[in-house]
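Tertiary structure, described
Residue strings, one per chain:
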Amino acid sequence: MPHPPSPAAGPAPRVRERHGRRVALVTGASSGIGAAIAERLAADRQWRLILSGRDPGRLEAAAGRTSGLALPYDLREPGMARSLADRALGICGRIDLLVAAAGVGWAGPFLRMPHSAVDQVLTVDLAAVVHLVRRVLPRMAEAGRGHVVLIGSLAGSVGVRDEAVYAAAKAGLGAFADSLRYELAGTGVKVLHVVPGVVDTPFFARRGALYTRGWPRPMAPERVAEAVVRAVRRDRDEVYVPGWLRWPVGVRALAPSSFRRLAARFG
């Protein structure tokens, strides 16, 4: 599938903000969790939304529903995360909320995983997020406020068969959130790590394998979006969606050998 063209470089007009309106940059906003978060933020009517995704048509539709600004960027391409952040900052002057929801996956045995797929998963799910945060964080710290929301996965907390690289990338995202939180203590900038379970989005079809388990049943992305907005309001550090996902993570931490035996048996 050909990649959408990268946006042309060049200055963009600054947007005059309404009094008290904050700026949110949401990646992965073409569909799924990112689109649901954008729509939930739009319902609050206090955000100026900048939406990014790699599907220009779907992104424009999402921007139309949310009165947001569409910036189509393909984060699989090296350097695109930095370019996106710079363009968003050039347009609005600041980012008060960064929601890193873009993600790709690949399902299958690691030994059969193409090198190109390894690069894409690590780039989109981890490296691009780090570069985005590195670009927008200085102005947040200078302003003494801001929220960084990193959309992780249960796979990054417990590991999942046939998703080794995806799980590794999401595990790295969780460690990044923890480490960054320590560094930002006292700055007014908050880091939220969101750990969702199975979500009913196009993710599974795009990774090359549909979700076929009878349990847990996939949940609507709107449920994750509601949890994100609530957690941002409460300055939470981490949130699991649904909340019971903390239990398998806790079992793995307290009894790793027993957990691995069960995971190997039941998948």
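Before going into details, it helps to say that this report is about the structure given with it. Along each chain, residues carry numbers from 1 onward, in the same order as the chain's sequence is written. In keeping with the predicted nature of the model, local features appear solely for residues at pLDDT of at least 70, side-chain atom pairs appear and are counted solely at 80 or more, and the whole-chain, interface and lining totals rest on all residues. For the side-chain quantities, the full set of heavy atoms in the structure was used; hydrogens and water were omitted.

**Focus: the pattern of salt bridges**
We apply this condition: Salt bridges are defined as contacts in which a side-chain nitrogen from Lys or Arg sits within 4 Å of a carboxyl oxygen from Asp or Glu.
Scanning the entire structure with this criterion turns up 12 salt bridges. Here R76 ties to D74 by a salt bridge, and the two come within 2.9 Å at their closest N and O atoms. When salt bridges with common partners are traced through the structure, they connect R40, D44, E226, R230 and R233 into a single cluster.

**Focus: the nonpolar core**
Most often, soluble globular proteins have nonpolar side chains that are buried together. Short version of the rule: Residues belong to a common nonpolar core when they are buried Ala, Val, Leu, Ile, Met, Phe, Trp, Tyr or Cys residues joined through side-chain atoms within 4.5 Å. Each residue is placed in one exposure class: buried if its accessible area under a 1.4 Å probe, protein chains only, is under 20% of its type's maximum, exposed if it is over 50%, and partly exposed if it falls in between. Secondary structure elements follow DSSP: runs of H or I no shorter than four residues count as helices, runs of E no shorter than two count as strands, and numbering proceeds from the N terminus. Only heavy atoms enter the contact rule, under which two residues are in contact if any of them lie within 4.5 Å.
If you look at the biggest cluster of nonpolar residues, it comprises 46 residues, and the most contacted ones within it are I95, V133 and L150. For this core, the secondary-structure elements that each account for two or more residues are β1 (22-26), α3 (80-92), β4 (97-100), α4 (115-143), β5 (146-151), α6 (164-183) and β6 (189-196). For this core, the element with the most residues is α4, which contributes 11 residues. If we ignore the near neighbours within four places in the chain, the residues touching I95 are V23, L25, I50, A88, L89, V136 and M140.

**Looking at the side chain of E163**
The residue E163 is located in the loop between α5 (155-158) and α6 in this model. In this structure, E163 is in contact with W106, G108 and R207, ignoring residues within four places of it in sequence.

**Remarks on the sheet that holds strand β3 (residues 69-72)**
Which entries qualify depends on this criterion: One requirement defines pairing of two strands: DSSP has to find at least two bridges between them. A fitted line through C-alpha atoms serves as each axis, taken over the contacting stretch for helices, and the angle formed by two N-to-C directions is quoted from 0 to 180°.
Pairing is parallel across the open sheet formed by seven strands, whose spatial order is β3-β2-β1-β4-β5-β6-β7. Strand pairing shows two members of the sheet lacking a second neighbour, β3 and β7 (238-241), which therefore form its edges. For this sheet the average axis-to-axis angle between neighbouring strands, irrespective of direction, equals 15°. Relative to β4, β1 is paired through three bridges, and the arrangement is parallel. Of the residues in β4, the one forming a bridge with A24 is L97. Those strands touched by helix α8 (residues 221-233) are β4, β5, β6 and β7, and its axis lies near 155° from that of β6.

**Things to note about the pairing of β6**
In terms of burial, β6 is a largely internal element, seven of the eight residues being buried. In terms of strand pairing, β5 meets β6 through six bridges, oriented parallel. Looking across to β6, one finds that V149 is bridged to L192. Of the pairings in the sheet, the one linking β6 to β7 comprises four bridges and is parallel in character. When the sheet's bridge partners are listed, V195 is paired in β7 with Y240.

**Quick word on α8**
The condition is simple: The span expected for a helix works out to 1.5 Å for each residue beyond the first.
Compared with an ideal rise of 1.5 Å per residue, which puts 13 residues at 18 Å, α8 spans 19 Å between its outermost C-alpha atoms and is within 8% of the ideal. Every buried residue belonging to α8 is among P221, V224, A225, A227, V228, V229, A231 and V232, and all of these are buried. Along its buried surface, α8 packs onto α1 (32-44), β4, β5, β6 and β7.

**Observations concerning the environment of D125**
How we decide: Polar contacts here mean pairs of N or O atoms no more than 3.5 Å apart (in protein, one a potential hydrogen donor and the other a potential acceptor; neighbouring residues in sequence count only if both atoms are side-chain atoms).
Tracing the backbone through its elements, the reader meets D125 in helix α4. For D125, a relative accessible area of 0% translates into the label buried. D125 sits 45 residues away from K170 along the chain, and the two C-alpha atoms are 6.8 Å apart. Leaving out residues up to four positions away in the same chain, D125 has contacts with A102, G103, V104, Y166, A169, K170 and L173. At a separation of 2.9 Å, a polar atom in the side chain of D125 contacts the main-chain amide nitrogen of V104.

Geometry only, nothing functional implied.
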